[in-house]
Number of protein chains: 2
Amino acid sequence: MTDLSSECTEQGSEFSAVDLSSLGIREGISETIVSTGLEFPNAAPIGIIVKGGRPFVRLFKGTHTWANVLNERFLAANIVYNPLLFVRSTFFDLEPSEFDYVSVRGLNFPILKEAVAWVVFECINIKTTDQALVADLTPLEAGFNEVNRKDLPVPNRGFNAVIEATVHATRYQLSGNEKYLELIRHYETLASKCGGENEKKAMKLLYEVLGL
Amino acid sequence: MTDLSSECTEQGSEFSAVDLSSLGIREGISETIVSTGLEFPNAAPIGIIVKGGRPFVRLFKGTHTWANVLNERFLAANIVYNPLLFVRSTFFDLEPSEFDYVSVRGLNFPILKEAVAWVVFECINIKTTDQALVADLTPLEAGFNEVNRKDLPVPNRGFNAVIEATVHATRYQLSGNEKYLELIRHYETLASKCGGENEKKAMKLLYEVLGL
(Lines give C-alpha, C1' and ligand atoms only; values in the text may rest on other atoms or scores of the structure.)
Protein backbone atom coordinates (compact mmCIF):
# COMPACT_ATOMS: atom_id res chain seq x y z
CA MET A 1 0.00 0.00 0.00
CA THR A 2 1.21 3.47 -0.83
CA ASP A 3 0.12 6.08 1.65
CA LEU A 4 -1.08 9.08 -0.36
CA SER A 5 -1.33 11.36 2.61
CA SER A 6 2.05 10.70 4.17
CA GLU A 7 3.12 14.21 3.32
CA CYS A 8 0.02 15.77 4.88
CA THR A 9 0.49 18.45 7.40
CA GLU A 10 -2.07 18.04 10.15
CA GLN A 11 -4.87 20.42 9.37
CA GLY A 12 -7.76 18.95 11.30
CA SER A 13 -10.65 17.00 9.88
CA GLU A 14 -12.17 19.83 7.86
CA PHE A 15 -9.21 20.10 5.49
CA SER A 16 -7.45 17.07 4.22
CA ALA A 17 -4.57 16.69 1.79
CA VAL A 18 -6.12 13.57 0.24
CA ASP A 19 -6.72 14.42 -3.43
CA LEU A 20 -10.03 12.70 -4.21
CA SER A 21 -9.81 13.70 -7.86
CA SER A 22 -6.53 11.81 -8.46
CA LEU A 23 -8.27 8.80 -6.91
CA GLY A 24 -10.92 9.18 -9.60
CA ILE A 25 -13.60 10.34 -7.15
CA ARG A 26 -15.02 13.34 -9.00
CA GLU A 27 -18.26 15.18 -9.69
CA GLY A 28 -21.04 12.67 -10.18
CA ILE A 29 -21.41 9.28 -8.55
CA SER A 30 -18.38 7.01 -8.22
CA GLU A 31 -19.33 3.36 -7.83
CA THR A 32 -17.17 2.00 -5.03
CA ILE A 33 -17.44 -0.84 -2.54
CA VAL A 34 -17.68 0.67 0.92
CA SER A 35 -16.17 -1.16 3.89
CA THR A 36 -17.19 -0.39 7.47
CA GLY A 37 -17.23 -2.05 10.88
CA LEU A 38 -14.35 -1.92 13.32
CA GLU A 39 -15.54 -5.09 15.03
CA PHE A 40 -17.18 -7.06 12.21
CA PRO A 41 -15.97 -5.85 8.82
CA ASN A 42 -18.66 -5.47 6.17
CA ALA A 43 -18.65 -4.43 2.52
CA ALA A 44 -21.34 -3.27 0.12
CA PRO A 45 -21.45 -1.34 -3.18
CA ILE A 46 -22.17 2.34 -2.46
CA GLY A 47 -21.96 5.36 -4.74
CA ILE A 48 -19.78 8.18 -3.46
CA ILE A 49 -21.63 11.31 -4.58
CA VAL A 50 -19.75 14.54 -5.31
CA LYS A 51 -21.88 17.61 -6.04
CA GLY A 52 -20.36 21.08 -6.28
CA GLY A 53 -17.17 19.70 -4.77
CA ARG A 54 -18.95 18.25 -1.70
CA PRO A 55 -18.55 14.49 -1.20
CA PHE A 56 -21.41 12.68 0.55
CA VAL A 57 -23.24 9.36 0.73
CA ARG A 58 -26.84 8.26 1.07
CA LEU A 59 -27.24 4.98 2.98
CA PHE A 60 -30.46 3.01 3.24
CA LYS A 61 -31.79 2.31 6.71
CA GLY A 62 -31.37 -1.19 8.04
CA THR A 63 -28.23 -2.11 6.11
CA HIS A 64 -25.00 -3.02 7.88
CA THR A 65 -23.29 -0.02 6.28
CA TRP A 66 -26.03 2.29 7.62
CA ALA A 67 -25.72 0.85 11.15
CA ASN A 68 -21.92 0.97 11.16
CA VAL A 69 -21.78 4.55 9.92
CA LEU A 70 -24.35 5.66 12.51
CA ASN A 71 -22.35 3.98 15.30
CA GLU A 72 -18.76 4.56 14.23
CA ARG A 73 -18.87 7.53 11.81
CA PHE A 74 -16.20 6.24 9.44
CA LEU A 75 -16.29 4.45 6.11
CA ALA A 76 -13.73 3.39 3.50
CA ALA A 77 -14.46 3.69 -0.22
CA ASN A 78 -12.66 0.89 -2.09
CA ILE A 79 -12.04 1.24 -5.81
CA VAL A 80 -12.59 -2.21 -7.29
CA TYR A 81 -12.63 -3.43 -10.91
CA ASN A 82 -13.84 -7.00 -10.30
CA PRO A 83 -17.53 -7.32 -11.28
CA LEU A 84 -17.93 -10.51 -9.24
CA LEU A 85 -17.00 -8.62 -6.06
CA PHE A 86 -19.75 -6.07 -6.78
CA VAL A 87 -22.35 -8.85 -7.01
CA ARG A 88 -20.97 -10.86 -4.04
CA SER A 89 -20.82 -7.83 -1.74
CA THR A 90 -24.36 -6.82 -2.76
CA PHE A 91 -25.97 -10.11 -1.76
CA PHE A 92 -23.54 -11.88 0.60
CA ASP A 93 -21.13 -11.22 3.45
CA LEU A 94 -17.53 -11.28 2.29
CA GLU A 95 -15.07 -13.52 4.13
CA PRO A 96 -13.05 -11.93 6.96
CA SER A 97 -9.94 -12.99 5.01
CA GLU A 98 -10.93 -10.60 2.19
CA PHE A 99 -10.22 -7.56 4.36
CA ASP A 100 -6.95 -5.82 5.13
CA TYR A 101 -6.57 -3.25 7.89
CA VAL A 102 -5.12 0.25 7.79
CA SER A 103 -4.35 2.44 10.76
CA VAL A 104 -6.32 5.70 10.69
CA ARG A 105 -6.66 7.91 13.77
CA GLY A 106 -5.45 5.04 15.91
CA LEU A 107 -8.22 2.78 14.59
CA ASN A 108 -7.66 -0.42 12.63
CA PHE A 109 -9.95 0.23 9.70
CA PRO A 110 -11.05 -2.54 7.28
CA ILE A 111 -10.40 -2.11 3.57
CA LEU A 112 -10.66 -4.67 0.77
CA LYS A 113 -7.61 -6.67 -0.32
CA GLU A 114 -8.89 -6.48 -3.91
CA ALA A 115 -9.07 -2.68 -3.86
CA VAL A 116 -6.92 -0.86 -6.39
CA ALA A 117 -7.13 2.17 -4.09
CA TRP A 118 -9.02 3.12 -0.94
CA VAL A 119 -9.99 6.25 0.97
CA VAL A 120 -11.03 6.30 4.60
CA PHE A 121 -13.59 9.05 5.26
CA GLU A 122 -14.96 10.53 8.43
CA CYS A 123 -18.76 10.83 8.19
CA ILE A 124 -19.96 14.20 9.45
CA ASN A 125 -23.20 16.24 9.49
CA ILE A 126 -25.17 12.99 9.56
CA LYS A 127 -28.85 13.56 8.83
CA THR A 128 -31.32 10.72 9.25
CA THR A 129 -34.75 10.27 7.71
CA ASP A 130 -37.29 7.44 7.94
CA GLN A 131 -35.61 5.63 5.09
CA ALA A 132 -31.98 6.63 4.97
CA LEU A 133 -29.12 8.70 6.27
CA VAL A 134 -27.06 11.28 4.44
CA ALA A 135 -23.52 12.00 5.62
CA ASP A 136 -20.91 14.42 4.38
CA LEU A 137 -17.50 12.83 3.89
CA THR A 138 -14.14 14.17 5.00
CA PRO A 139 -11.27 12.18 3.45
CA LEU A 140 -8.73 11.25 6.13
CA GLU A 141 -6.31 8.91 4.47
CA ALA A 142 -5.92 7.08 1.17
CA GLY A 143 -3.66 4.56 -0.49
CA PHE A 144 -3.03 2.63 -3.67
CA ASN A 145 -2.40 -1.08 -3.93
CA GLU A 146 0.25 -1.09 -6.66
CA VAL A 147 -0.04 -4.84 -7.26
CA ASN A 148 -3.78 -4.58 -7.96
CA ARG A 149 -3.18 -1.46 -10.02
CA LYS A 150 -0.81 -3.22 -12.39
CA ASP A 151 -3.55 -4.31 -14.80
CA LEU A 152 -5.13 -1.37 -16.54
CA PRO A 153 -8.93 -1.27 -16.61
CA VAL A 154 -10.34 -0.83 -20.11
CA PRO A 155 -13.95 0.27 -20.69
CA ASN A 156 -16.00 -2.90 -21.10
CA ARG A 157 -19.75 -2.88 -21.75
CA GLY A 158 -19.98 -6.27 -20.07
CA PHE A 159 -18.55 -4.94 -16.80
CA ASN A 160 -20.91 -1.97 -17.01
CA ALA A 161 -23.82 -4.32 -17.65
CA VAL A 162 -23.05 -6.22 -14.43
CA ILE A 163 -23.18 -2.95 -12.45
CA GLU A 164 -26.54 -2.03 -14.06
CA ALA A 165 -27.95 -5.52 -13.50
CA THR A 166 -26.91 -5.41 -9.84
CA VAL A 167 -28.62 -2.05 -9.32
CA HIS A 168 -31.79 -3.39 -10.95
CA ALA A 169 -31.59 -6.65 -8.96
CA THR A 170 -31.67 -4.79 -5.64
CA ARG A 171 -34.63 -2.75 -6.89
CA TYR A 172 -36.37 -5.93 -7.96
CA GLN A 173 -35.81 -7.50 -4.55
CA LEU A 174 -37.30 -4.42 -2.86
CA SER A 175 -40.27 -3.94 -5.19
CA GLY A 176 -40.94 -7.24 -6.96
CA ASN A 177 -41.62 -5.15 -10.07
CA GLU A 178 -41.09 -7.36 -13.13
CA LYS A 179 -39.88 -4.46 -15.29
CA TYR A 180 -36.54 -4.89 -13.50
CA LEU A 181 -36.31 -8.52 -14.65
CA GLU A 182 -36.54 -7.39 -18.26
CA LEU A 183 -33.69 -4.95 -17.71
CA ILE A 184 -31.63 -7.61 -15.94
CA ARG A 185 -32.11 -10.00 -18.88
CA HIS A 186 -31.03 -7.25 -21.30
CA TYR A 187 -27.86 -6.68 -19.30
CA GLU A 188 -27.19 -10.41 -19.01
CA THR A 189 -27.08 -10.60 -22.82
CA LEU A 190 -24.66 -7.68 -22.91
CA ALA A 191 -22.43 -9.14 -20.15
CA SER A 192 -22.35 -12.43 -21.99
CA LYS A 193 -21.51 -10.78 -25.35
CA CYS A 194 -18.98 -8.18 -24.19
CA GLY A 195 -17.70 -9.44 -20.83
CA GLY A 196 -14.99 -11.87 -19.87
CA GLU A 197 -14.94 -14.69 -17.36
CA ASN A 198 -15.59 -12.54 -14.30
CA GLU A 199 -18.58 -10.80 -15.90
CA LYS A 200 -20.08 -14.20 -16.77
CA LYS A 201 -19.48 -15.56 -13.26
CA ALA A 202 -20.99 -12.39 -11.78
CA MET A 203 -24.17 -12.65 -13.88
CA LYS A 204 -24.49 -16.36 -13.12
CA LEU A 205 -24.37 -15.60 -9.39
CA LEU A 206 -26.86 -12.77 -9.79
CA TYR A 207 -29.26 -15.09 -11.63
CA GLU A 208 -28.88 -17.69 -8.84
CA VAL A 209 -29.66 -15.07 -6.19
CA LEU A 210 -32.81 -14.02 -8.05
CA GLY A 211 -33.84 -17.62 -8.78
CA LEU A 212 -33.76 -17.03 -12.54
CA MET B 1 5.47 7.17 -23.12
CA THR B 2 6.83 4.00 -21.58
CA ASP B 3 7.68 1.34 -24.10
CA LEU B 4 6.27 -1.93 -22.79
CA SER B 5 8.02 -4.07 -25.33
CA SER B 6 11.53 -2.71 -24.95
CA GLU B 7 12.65 -6.02 -23.49
CA CYS B 8 11.19 -8.01 -26.38
CA THR B 9 13.44 -10.38 -28.17
CA GLU B 10 12.65 -10.30 -31.87
CA GLN B 11 10.37 -13.24 -32.50
CA GLY B 12 8.65 -12.27 -35.71
CA SER B 13 5.12 -11.02 -36.06
CA GLU B 14 3.40 -14.23 -34.95
CA PHE B 15 4.67 -14.02 -31.38
CA SER B 16 4.92 -10.78 -29.54
CA ALA B 17 6.02 -9.98 -26.00
CA VAL B 18 3.31 -7.33 -25.62
CA ASP B 19 1.14 -8.49 -22.71
CA LEU B 20 -2.38 -7.54 -23.80
CA SER B 21 -3.83 -8.68 -20.48
CA SER B 22 -1.76 -6.20 -18.43
CA LEU B 23 -3.07 -3.53 -20.81
CA GLY B 24 -6.56 -4.60 -19.80
CA ILE B 25 -7.35 -6.15 -23.19
CA ARG B 26 -8.85 -9.48 -22.15
CA GLU B 27 -11.53 -12.01 -23.09
CA GLY B 28 -14.63 -10.16 -24.20
CA ILE B 29 -14.82 -6.82 -25.98
CA SER B 30 -12.59 -3.95 -24.87
CA GLU B 31 -13.95 -0.56 -25.89
CA THR B 32 -11.01 1.38 -27.29
CA ILE B 33 -10.56 4.23 -29.74
CA VAL B 34 -8.71 2.90 -32.77
CA SER B 35 -6.33 5.17 -34.66
CA THR B 36 -5.24 4.41 -38.21
CA GLY B 37 -3.89 6.20 -41.27
CA LEU B 38 -0.23 6.82 -41.93
CA GLU B 39 -1.01 9.78 -44.19
CA PHE B 40 -4.22 11.20 -42.69
CA PRO B 41 -4.67 10.07 -39.09
CA ASN B 42 -8.17 8.99 -38.14
CA ALA B 43 -9.77 7.77 -34.92
CA ALA B 44 -13.02 5.93 -34.15
CA PRO B 45 -14.34 3.84 -31.23
CA ILE B 46 -13.84 0.15 -32.00
CA GLY B 47 -14.18 -2.89 -29.77
CA ILE B 48 -11.13 -5.13 -29.61
CA ILE B 49 -12.58 -8.62 -29.41
CA VAL B 50 -10.71 -11.43 -27.65
CA LYS B 51 -12.23 -14.92 -27.92
CA GLY B 52 -10.36 -17.99 -26.75
CA GLY B 53 -7.20 -15.91 -26.51
CA ARG B 54 -7.46 -14.68 -30.15
CA PRO B 55 -7.66 -10.89 -30.59
CA PHE B 56 -9.53 -9.61 -33.63
CA VAL B 57 -11.69 -6.74 -34.91
CA ARG B 58 -14.75 -6.41 -37.08
CA LEU B 59 -14.81 -3.18 -39.11
CA PHE B 60 -17.80 -1.91 -41.07
CA LYS B 61 -17.29 -1.30 -44.78
CA GLY B 62 -16.99 2.28 -45.92
CA THR B 63 -15.55 3.73 -42.72
CA HIS B 64 -12.11 5.39 -42.66
CA THR B 65 -10.88 2.70 -40.27
CA TRP B 66 -12.01 -0.04 -42.66
CA ALA B 67 -10.26 1.63 -45.63
CA ASN B 68 -7.05 2.31 -43.71
CA VAL B 69 -6.83 -1.24 -42.38
CA LEU B 70 -7.44 -2.70 -45.84
CA ASN B 71 -4.71 -0.48 -47.32
CA GLU B 72 -2.12 -0.37 -44.57
CA ARG B 73 -2.81 -3.42 -42.37
CA PHE B 74 -2.04 -1.75 -39.06
CA LEU B 75 -4.16 -0.19 -36.33
CA ALA B 76 -3.54 1.21 -32.85
CA ALA B 77 -5.96 0.57 -29.99
CA ASN B 78 -5.97 3.57 -27.63
CA ILE B 79 -7.26 3.14 -24.09
CA VAL B 80 -9.18 6.30 -23.28
CA TYR B 81 -11.29 7.29 -20.25
CA ASN B 82 -12.73 10.55 -21.60
CA PRO B 83 -16.38 10.04 -22.63
CA LEU B 84 -16.35 13.20 -24.76
CA LEU B 85 -13.58 11.72 -26.93
CA PHE B 86 -15.73 8.62 -27.55
CA VAL B 87 -18.60 10.79 -28.82
CA ARG B 88 -16.36 13.20 -30.79
CA SER B 89 -14.46 10.39 -32.53
CA THR B 90 -17.73 8.62 -33.39
CA PHE B 91 -19.25 11.55 -35.24
CA PHE B 92 -16.40 13.92 -36.13
CA ASP B 93 -12.81 13.95 -37.35
CA LEU B 94 -10.38 14.67 -34.54
CA GLU B 95 -7.86 17.48 -35.02
CA PRO B 96 -4.41 16.51 -36.37
CA SER B 97 -2.99 18.06 -33.17
CA GLU B 98 -4.76 15.38 -31.10
CA PHE B 99 -2.43 12.68 -32.44
CA ASP B 100 1.07 11.69 -31.36
CA TYR B 101 3.29 9.42 -33.41
CA VAL B 102 5.19 6.32 -32.39
CA SER B 103 7.77 4.51 -34.43
CA VAL B 104 6.77 0.91 -35.19
CA ARG B 105 8.49 -1.15 -37.90
CA GLY B 106 9.98 2.02 -39.30
CA LEU B 107 6.54 3.59 -39.67
CA ASN B 108 5.36 6.72 -37.88
CA PHE B 109 2.10 5.43 -36.46
CA PRO B 110 -0.63 7.78 -35.11
CA ILE B 111 -1.86 7.29 -31.54
CA LEU B 112 -4.02 9.56 -29.40
CA LYS B 113 -2.41 12.09 -27.05
CA GLU B 114 -5.24 11.44 -24.58
CA ALA B 115 -4.59 7.69 -24.50
CA VAL B 116 -3.68 6.21 -21.13
CA ALA B 117 -2.08 3.34 -23.04
CA TRP B 118 -1.88 2.20 -26.65
CA VAL B 119 -1.08 -0.94 -28.61
CA VAL B 120 -0.12 -1.01 -32.27
CA PHE B 121 -1.36 -4.18 -33.97
CA GLU B 122 -0.62 -5.73 -37.30
CA CYS B 123 -3.86 -6.84 -38.99
CA ILE B 124 -3.53 -10.30 -40.49
CA ASN B 125 -5.81 -12.95 -42.04
CA ILE B 126 -8.11 -10.20 -43.28
CA LYS B 127 -11.45 -11.55 -44.48
CA THR B 128 -13.88 -9.27 -46.25
CA THR B 129 -17.62 -9.62 -46.67
CA ASP B 130 -20.22 -7.38 -48.32
CA GLN B 131 -20.64 -5.43 -45.11
CA ALA B 132 -17.43 -5.65 -43.12
CA LEU B 133 -13.95 -7.00 -42.69
CA VAL B 134 -12.62 -9.21 -39.93
CA ALA B 135 -8.91 -9.10 -39.11
CA ASP B 136 -6.84 -10.99 -36.58
CA LEU B 137 -4.55 -8.76 -34.54
CA THR B 138 -0.90 -9.31 -33.72
CA PRO B 139 0.31 -6.86 -31.07
CA LEU B 140 3.60 -5.27 -32.14
CA GLU B 141 4.31 -2.57 -29.63
CA ALA B 142 2.60 -0.90 -26.69
CA GLY B 143 3.14 1.94 -24.27
CA PHE B 144 1.67 3.78 -21.32
CA ASN B 145 1.29 7.51 -20.99
CA GLU B 146 2.15 7.92 -17.30
CA VAL B 147 0.83 11.49 -17.15
CA ASN B 148 -2.61 10.42 -18.42
CA ARG B 149 -2.50 7.37 -16.17
CA LYS B 150 -2.06 9.45 -13.03
CA ASP B 151 -5.79 9.81 -12.38
CA LEU B 152 -7.38 6.51 -11.50
CA PRO B 153 -10.59 5.60 -13.35
CA VAL B 154 -13.45 4.69 -11.02
CA PRO B 155 -16.54 2.85 -12.27
CA ASN B 156 -19.13 5.49 -13.14
CA ARG B 157 -22.59 4.64 -14.46
CA GLY B 158 -22.65 8.02 -16.23
CA PHE B 159 -19.52 7.20 -18.23
CA ASN B 160 -20.99 3.79 -19.08
CA ALA B 161 -24.25 5.45 -20.14
CA VAL B 162 -22.38 7.65 -22.64
CA ILE B 163 -20.81 4.54 -24.22
CA GLU B 164 -24.24 2.85 -24.47
CA ALA B 165 -25.88 5.99 -25.85
CA THR B 166 -23.13 6.31 -28.49
CA VAL B 167 -23.61 2.71 -29.61
CA HIS B 168 -27.37 3.26 -29.88
CA ALA B 169 -26.88 6.61 -31.68
CA THR B 170 -24.88 4.96 -34.46
CA ARG B 171 -27.57 2.27 -34.77
CA TYR B 172 -30.25 4.97 -34.90
CA GLN B 173 -28.38 6.80 -37.65
CA LEU B 174 -28.13 3.57 -39.68
CA SER B 175 -31.69 2.36 -39.15
CA GLY B 176 -33.84 5.35 -38.15
CA ASN B 177 -35.55 2.99 -35.69
CA GLU B 178 -37.10 5.08 -32.90
CA LYS B 179 -36.55 2.38 -30.27
CA TYR B 180 -32.94 3.59 -30.15
CA LEU B 181 -34.08 7.12 -29.26
CA GLU B 182 -35.86 5.75 -26.18
CA LEU B 183 -32.69 3.99 -25.08
CA ILE B 184 -30.62 7.13 -25.73
CA ARG B 185 -33.01 9.19 -23.56
CA HIS B 186 -32.75 6.58 -20.79
CA TYR B 187 -28.96 6.81 -20.87
CA GLU B 188 -29.02 10.60 -21.01
CA THR B 189 -30.87 10.60 -17.68
CA LEU B 190 -28.28 8.25 -16.22
CA ALA B 191 -25.34 10.29 -17.56
CA SER B 192 -26.88 13.42 -16.11
CA LYS B 193 -27.50 11.80 -12.70
CA CYS B 194 -24.27 9.84 -12.28
CA GLY B 195 -21.78 11.53 -14.59
CA GLY B 196 -19.50 14.52 -14.20
CA GLU B 197 -18.80 17.44 -16.49
CA ASN B 198 -17.35 15.37 -19.35
CA GLU B 199 -20.31 12.96 -19.38
CA LYS B 200 -22.70 15.92 -19.57
CA LYS B 201 -20.72 17.57 -22.37
CA ALA B 202 -20.59 14.24 -24.22
CA MET B 203 -24.37 13.72 -24.04
CA LYS B 204 -25.02 17.33 -25.06
CA LEU B 205 -22.88 16.83 -28.17
CA LEU B 206 -24.59 13.52 -28.93
CA TYR B 207 -28.01 15.19 -28.68
CA GLU B 208 -26.83 17.95 -31.04
CA VAL B 209 -25.60 15.38 -33.57
CA LEU B 210 -28.96 13.60 -33.49
CA GLY B 211 -30.93 16.88 -33.59
CA LEU B 212 -32.65 16.11 -30.26
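Please refer to the structure higher up on the page.
Described in the following lines is the structure provided in the data block. (Residues numbered from 1 in each chain as written. Chains lettered and ligands numbered in written order. Predicted model: local features only at pLDDT ≥ 70, side-chain atom pairs only at ≥ 80, totals over all residues. Heavy atoms only, no water.)

Examining the state of the cysteines
Throughout the structure, instances matching the rule amount to zero disulfides over all chains. Counting only cysteine sulfurs, B:Cys194 is the nearest neighbor of A:Cys194, a cysteine outside any disulfide, at a range of 20 Å. A residue is classified by how much of its surface remains accessible, and A:Cys194, at 1% relative accessible area, is buried. (Disulfide = S-S within 2.5 Å. Buried < 20%, exposed > 50% of the residue type's maximum accessible area, 1.4 Å probe, protein only.)

Quick look at the interface of chain B and chain A
Contact with chain B, which involves 41 residues of that partner, is made by 41 residues of chain A. Roughly 3200 Å² is buried in total at the junction of chain B and chain A, and carbon and sulfur atoms are behind 52% of that figure. Contact with chain A buries area across many residues of chain B, yet B:Leu152, B:Pro155 and B:Arg157 alone supply 24% of it, more than any other trio. For the interface between chain B and chain A, the tally reads four salt bridges. At the surface where chain B touches chain A, the tally comes to 17 residue pairs in polar contact (both at pLDDT 80 or more). Looking at the side of chain B that touches chain A, the elements that each hand over two or more residues are strand 2 (28-36), helix 4 (157-175) and helix 5 (179-194) of chain B. In terms of residue class, the side of chain B that touches chain A is made up of 20 nonpolar, eleven polar and ten charged. (Contact = heavy atoms within 4.5 Å. Buried area = accessible area lost by both parts, 1.4 Å probe. Salt bridge = Lys/Arg side-chain N within 4 Å of Asp/Glu carboxyl O. Polar contact = N/O pair within 3.5 Å; in protein donor to acceptor, adjacent residues only side chain to side chain. Helix = DSSP H or I, 4+ residues; strand = E, 2+ residues; numbered from the N terminus. Nonpolar A, V, L, I, M, F, W, Y, C, P; charged D, E, K, R; others polar.)

With respect to the relation of the copies chain B and chain A
With an axial shift of 0.0 Å and an RMSD of 0.0 Å, the rotation relating chain B to chain A amounts to 180°. A rotation of that kind, with that shift, is consistent with a two-fold axis. Within chain B, the C-alpha atom positioned nearest to the axis of rotation is that of B:Asn160, 3.1 Å from it. In this assembly the copies share their binding face: 100% of the residues contributing to the interface of chain B also contribute to that of chain A. (Least-squares fit on C-alpha atoms with pLDDT ≥ 70 in both.)

Shape descriptors only; they carry no functional weight alone.
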